[in-house]
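A closer look at the structure
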Amino acid sequence: MVDPRGFLTVRERELPPRRPVPLRLMDWREVYETQDRAQLKRQAGRCMDCGIPFCHNACPLGNLIPEWNDLVSRGDMREAIERLHATNNFPEFTGKLCPAPCESACVLGINQPPVTIKQVEVMIAENAADSGWITPQVPERLTGKTVAVIGSGPAGLAAAQQLTRSGHTVAVYERDDKIGGLMRYGIPEFKMERSVLDRRLAQMEAEGTRFRAGVNIGVDITGEQLRDRYDAIVVATGATQWREVDLPGRDLAGIHQAMEYLPPTNRIAVGEERPADYIDAHGLDVVIIGGGDTGSDCYGTALRQGAKSVTQLDIYPMGPQERAETEPWPTMPKVFSVSSSHEEGGERKFSASTQAFIGEDGKVTGLRIVEVRKVDGVWTPVEGTEQDLPAQLVLLAIGFSGPEHGDLVGQLGLQADARTRFTRTPGYATSTPGVFVAGDAGRGQSLIVWAIAEGRACAASVDEFLMGDTALPSPIRADAVPLTA
Ligand SMILES: Cc1cc2nc3c(=O)[nH]c(=O)nc-3n(C[C@H](O)[C@H](O)[C@H](O)COP(=O)(O)OP(=O)(O)OC[C@H]3O[C@@H](n4cnc5c(N)ncnc54)[C@H](O)[C@@H]3O)c2cc1C
Ligand code: SF4
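Okay, so let's go over this structure. Since the model is a prediction, treat every value here as computed from it, not as a measurement.

Looking at the site of ligand 2
Around ligand 2, the neighbouring residues are Cys47, Met48, Cys50, Pro53, Cys55, Ile65, Pro66, Asn69, Cys106, Val107, Val115 and Ile117. If you tally residues by element for the shell around ligand 2, the top one is helix H5 (residues 65–74), at three residues. Along the lines of polarity and charge, the residues of the shell around ligand 2 split into eleven nonpolar, one polar and no charged.

Focus: the site of ligand 1
Close to ligand 1 lie 32 residues; Leu97, Glu174, Lys191, Ile217 and Asp440 are nearest. At 3.1 Å, a backbone N or O of Arg175 approaches a nitrogen atom of ligand 1. Coverage of ligand 1 by the protein amounts to 95% of the 1000 Å² it exposes when considered alone. Tallied by class, the residues present in the shell around ligand 1 amount to 15 nonpolar, twelve polar and five charged.

Details of the pairing of strand S12 (residues 378–381)
As judged from the four bridges shared by strand S11 (residues 363–375) and S12, these two strands associate in the antiparallel manner. The residue of S12 that forms the bridge with Arg373 is Thr380. Taking the residues between adjacent antiparallel strands as the criterion, S11 and S12 are bridged by two residues, where Asp376 takes a positive phi near 50 degrees.

With respect to the nonpolar core
Within soluble globular proteins, side chains that are nonpolar generally end up buried alongside one another. Core analysis: the biggest nonpolar cluster contains 46 residues, and Phe93, Val147, Leu157, Met183, Val234 and Val462 have the highest contact counts within it. For this core, the elements supplying multiple residues, two or more each, are helix H7 (91–97), strand S1 (146–150), helix H10 (154–165), strand S2 (169–174), helix H12 (194–207), strand S4 (232–235) and helix H18 (448–467). Take this core: its biggest share by element is twelve residues, from H18. When near neighbours in sequence (up to four residues on either side) are disregarded, Leu157 contacts Phe90, Ser152, Ile179, Met183, Leu197, Leu201, Met204 and Phe211.

Concerning the pattern of salt bridges
The final tally for this structure, using the stated rule, is 32 salt bridges. Residue Glu14 pairs with Arg42 through a salt bridge whose shortest N-O separation is 3.1 Å. A residue pair is termed long-range when its members are at least 10 positions apart, and Glu14 in the loop between helix H1 (6–9) and helix H2 (21–24) and Arg42 in helix H3 (residues 37–44) qualify at 28 residues. Exposure remark for Arg42: the relative accessible area of 37% places this residue in the partly exposed category. Here Arg267 makes a salt bridge to Asp177, at a shortest N to O gap of 3.0 Å. One end of the pair, Arg267, is in helix H14 (residues 258–269); the other, Asp177, is in the loop between S2 and helix H11 (182–185), and 90 residues separate them in sequence. According to the relative accessible area criterion, Arg267 is buried, its value standing at 17%. Here Asp177 falls in the partly exposed class, since its relative accessible area comes to 43%. In this structure, a network of salt bridges that share partners links the residues Arg18, Arg24, Arg304, Glu343 and Glu344.

A closer look at the packing of H10 against H18
Two numbers describe how H10 lies on H18: the axes approach to 7 Å, and their chain directions differ by 35 degrees. Here the hand of the crossing between H10 and H18 comes out right-handed. Along the contact surface, H10 presents Pro154, Ala155, Ala158, Ala159, Gln162 and Leu163, while H18 presents Ile448, Ala451, Ile452, Gly455, Arg456, Ala459, Val462 and Asp463. When the residues that make up the contact of H10 with H18 are grouped by side-chain class, the tally is ten nonpolar, two polar and two charged.

Digging into the packing of aromatic side chains
Aromatic rings in a pair are described by how distant their centres are and how their planes are angled relative to each other. For the coordinates displayed, the defined rule picks out six aromatic pairs. Considering the side-chain rings of Tyr316 and Trp379, the 5.4 Å spacing of their centres and the 90 degrees angle between planes classify their relative orientation as edge-to-face. Of this pair, Tyr316 sits in the loop between strand S8 (309–313) and strand S9 (347–349) while Trp379 sits in strand S12, and the two are 63 residues apart along the sequence. Arranged with centres 5.7 Å apart and planes meeting at 70 degrees, the rings of Phe436 and Phe465 form a pair that is edge-to-face. Of this pair, Phe436 sits in strand S16 (residues 435–437) while Phe465 is found in helix H18, placing the two residues 29 residues apart along the sequence.

Comments concerning the sheet that holds strand S7 (residues 285–289)
On the basis of which strands lie adjacent, the open sheet formed by five strands has the order S6-S14-S7-S8-S9 and parallel pairing. In this open sheet, the two edge strands, each paired with only one partner strand, are strand S6 (255–257) and S9. Direction aside, neighbouring strands of the sheet carry axes that sit 20 degrees apart on average. Sheet topology note: the S7/strand S14 (residues 393–396) ladder contains four bridges and is parallel.

A closer look at unusual backbone geometry
In this structure, Pro330 follows Trp329 across a cis peptide bond, with omega equal to 5 degrees. Looking at the element boundaries, Pro330 is found in the loop between S8 and S9. Even without being glycine, Asp376 reaches a positive phi, approximately 50 degrees. Structurally, the position occupied by Asp376 is in the loop between S11 and S12. With a phi close to 70 degrees, Thr420 is a non-glycine residue in the positive phi region. Counting through the fold element by element, Thr420 comes out in the loop between helix H16 (407–412) and S16. Overall, the relative accessible area of 31% leaves Thr420 in the partly exposed class.

Digging into the side chain of Asn89
Relative to the helices and strands, Asn89 is located in the loop between helix H6 (77–85) and H7. Of note is the side chain of Asn89, whose polar atom sits 3.1 Å from the side chain of Gln162. A polar side-chain atom of Asn89 sits 2.6 Å from a polar atom in the side chain of Arg456. Those residues in contact with Asn89 that lie beyond four places of it in its chain are Ala158, Gln161, Gln162, Arg165, Arg200, Ile452 and Arg456.

Quick notes on the rules
Residues numbered from 1 in each chain as written. Chains lettered and ligands numbered in written order. Predicted model: local features only at pLDDT ≥ 70, side-chain atom pairs only at ≥ 80, totals over all residues. Heavy atoms only, no water. Near = heavy atom within 4 Å. Helix = DSSP H or I, 4+ residues; strand = E, 2+ residues; numbered from the N terminus. Nonpolar A, V, L, I, M, F, W, Y, C, P; charged D, E, K, R; others polar. Polar contact = N/O pair within 3.5 Å; in protein donor to acceptor, adjacent residues only side chain to side chain. Areas by Shrake-Rupley, 256 points an atom, 1.4 Å probe, with all protein chains shown as cover. Pairing = 2+ DSSP bridges. Core = buried A, V, L, I, M, F, W, Y, C linked by side-chain atoms within 4.5 Å. Buried < 20%, exposed > 50% of the residue type's maximum accessible area, 1.4 Å probe, protein only. Contact = heavy atoms within 4.5 Å. Salt bridge = Lys/Arg side-chain N within 4 Å of Asp/Glu carboxyl O. Axes fitted to C-alpha atoms, helices over the stretch in contact; angles between N-to-C directions. Left-handed = near helix turned anticlockwise from the far one by under 90°. Phe/Tyr/Trp six-rings, centres within 6.5 Å; stacked < 30°, edge-to-face > 60°.

Below is the structure:
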């Protein structure tokens, strides 16, 4: 360590500036600016190189956080990217998009602000890309084995990269017109620009991974055909089956699911032609039902489209500013969080539940909401708190129930658990020989970091199935659970 007392001399947590709100509302570019190198080194130098690094344990990838913090504080960015890539195929995705359970578990966080781990990670990754260090790792020899990956989100891509580098011939099938899963058309451009994804895909293509976009497996090619053509199959189809609300007025025009709204907008953000299903919030009162991250993505998107007003409804009460006693370190606490979108305008309402949609001439004009409290575990309306909100556009961001169950399920002999997720062994295998499941399809809607960890671990199981042995790392079992209270 450059200075073993670094955490005592630098007590503040410093992050790079965010672009000014009026400026960022005029475009779709990322919100954060680059961090000054001296500040980055100072911040990385706050790491205590703990004997038991809880940060490392909280990360499903097992990222070697104290090691790369030390390297960055010394200015050795080249070795830092090597250590980062040792556990994470796509550190720029997690550096930009992860909610960072590692920071919640950082030992320094017990009595000081935690180390800015996620920021250090993204700076190592961005610096490596700028320096030309993200080069293809082409396998020295091919095994002659073939693998089909269904779904091109972070789980499918991580599995594909690991297996390609092991010498297998890998094709990734994606029903969308472009590769990337939810990182392509789900997550808004202002959180991660698509050029970051494309840069990584170019590396994978140069390594030999084949991408087949616009192919819906189960429809265009059946599961049986795929099994005939390939030695192994990885199902990484995500958990994109959205939840519905069953409320009076749901059939009014102007009420949409978040994932009906975000993808066409994300196409516009990257300069594609305006699609027929584009939903424009310009000049409208927008209400978003759901207080989570998908709701926050709709929030920032509607503000950029020039909505007249944006209101996000959260059924949960406003979280505390600090950890509650029931959520002690090193768990990931549910505290009040302000996303970059929330800084940009609009309004958030907590303890708010929707009772009905109101409309005129078949179109939504508002919602009736009521304040709720949990009584005996049930959300119960507080009498006299009913209120009508104007809304010409309502977006439902209330989560996803599990993977979609199309023809593929029967064709590959997949089975599902009570939450509709595809069942697999702790080693990612299904009951159909040679068919594996990774990512949200098996875990349920989760996070990119878990999808990458599952993709890596699933690749190790596939490699072992194909070759009888594997040297690939397997960071987590399929039944691993996150570190929460
Ligand atoms: C709006 C939104 C914002 C999010 N923001 C964040 C964030 O900021 N940070 C974070 O960590 N997580 C975020 N998440 C969650 C994260 O995106 C997912 O957990 C992650 O993408 C899951 O990866 P995956 O590879 O399992 O599946 P996905 O990314 O869902 O990819 C699955 C792919 O499989 C394809 N597919 C499905 N069926 C077939 C078929 N039959 N044939 C061919 N292709 C098929 C789908 O089209 C899809 O592209 C967000 C999710 C949403 C919806
Ligand atoms: S827990 Fe925090 S201080 Fe300790 S090694 Fe990890 S990042 Fe450094």
